[in-house]
Amino acid sequence: MSDCEIVKKKRGCNLLFKGFSLKKDRSYKNKQHWRCTVSGCSGRVHTTETDGRHTVVFSTEHNHMPDEEAVASSVAKSTLCQKASEHPCKSKSEEHTSE
């Protein structure tokens with residue numbers, strides 16, 4: 001099926017697919033089941049993971065429109081957090097102890 005993207009969150013990670021954000025519901029071996037993050041939506045996606053890449057093998061309809069802005073925001077925030085963790089700043093106490 002189509003490409004999807006995984007973004008890391010404070011509690012786990014989300015799957016971004018076709019303008020929808022889904023959180024992991026359960027997993028078994030290399031298969032993951034995801035459910036929509038919108039309360040009351042029955043949208044689901046199933047993926048398989050091979051060599052660190054997720055491939056969508058099944059998806060259901062959502063009862064709301066996709067939110068492209070929220071998905072773009074999630075991607076941007078995840079990218080910033082990842083870059084920040086790769087290049088952490090020194091705290092003021094660390095600066096004083098190194099002098």
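The coordinates are above.
Residues numbered from 1 in each chain as written. Predicted model: local features only at pLDDT ≥ 70, side-chain atom pairs only at ≥ 80, totals over all residues. Heavy atoms only, no water.

## What to know about the side chain of His 54
Here His 54 shows up in strand S6 (residues 53-59). Assessed through its relative accessible area of 16%, His 54 is described here as buried. Side chain to side chain, His 54 and Gln 32 meet in a polar contact 3.4 Å long. In terms of polar contacts, His 54 uses its side chain to reach the side chain of Thr 47, at 3.3 Å. Leaving out residues up to four positions away in the same chain, His 54 has contacts with Cys 4, Ile 6, Gln 32, Trp 34, Thr 47, Thr 48 and Glu 49. (Helix = DSSP H or I, 4+ residues; strand = E, 2+ residues; numbered from the N terminus. Buried < 20%, exposed > 50% of the residue type's maximum accessible area, 1.4 Å probe, protein only. Polar contact = N/O pair within 3.5 Å; in protein donor to acceptor, adjacent residues only side chain to side chain. Contact = heavy atoms within 4.5 Å.)

## Let's talk about the environment of Cys 36
Summarising the element assignment, Cys 36 is placed in strand S4 (residues 31-36). Classification of Cys 36 as buried rests on a relative accessible area of 4%. Taking the C-alpha atoms as reference points, Cys 36 and Leu 22, 14 residues apart in sequence, are found 4.2 Å from one another. Excluding residues that lie within four positions of it along the chain, Cys 36 makes contacts with Ser 21, Leu 22, Cys 41, Gly 43, Arg 44, His 62 and His 64.

## Brief notes about the sheet that holds strand S3 (residues 20-28)
With respect to topology, six strands assemble into an open sheet ordered S1-S2-S3-S4-S5-S6, the strand pairing being antiparallel. Of all strands in the sheet, those bounded by a partner on one side alone are strand S1 (5-8) and S6. On average, each strand axis in the sheet is tilted by 40° relative to the strand beside it, whichever way the strands run. As paired elements, S4 and strand S5 (residues 44-50) share five bridges and run antiparallel to each other. Following the sheet pairing, Lys 31 is matched in S5 by Thr 48. (Pairing = 2+ DSSP bridges. Axes fitted to C-alpha atoms, helices over the stretch in contact; angles between N-to-C directions.)

## So, the pairing of S3
Sheet topology places strand S2 (residues 13-17) next to S3; four bridges connect them, and they run antiparallel. Bridge pairing in S3 links Leu 15 to Leu 22. Taking the residues between adjacent antiparallel strands as the criterion, S2 and S3 are bridged by two residues, where Lys 18 takes a positive phi near 55°. Judged from the six bridges that link them, S3 and S4 form a sheet pairing that is antiparallel. Bridging across to S4, Lys 23 finds its partner in Arg 35. Between the antiparallel neighbours S3 and S4 lie two residues, among them Lys 29 with a positive phi of about 55°.

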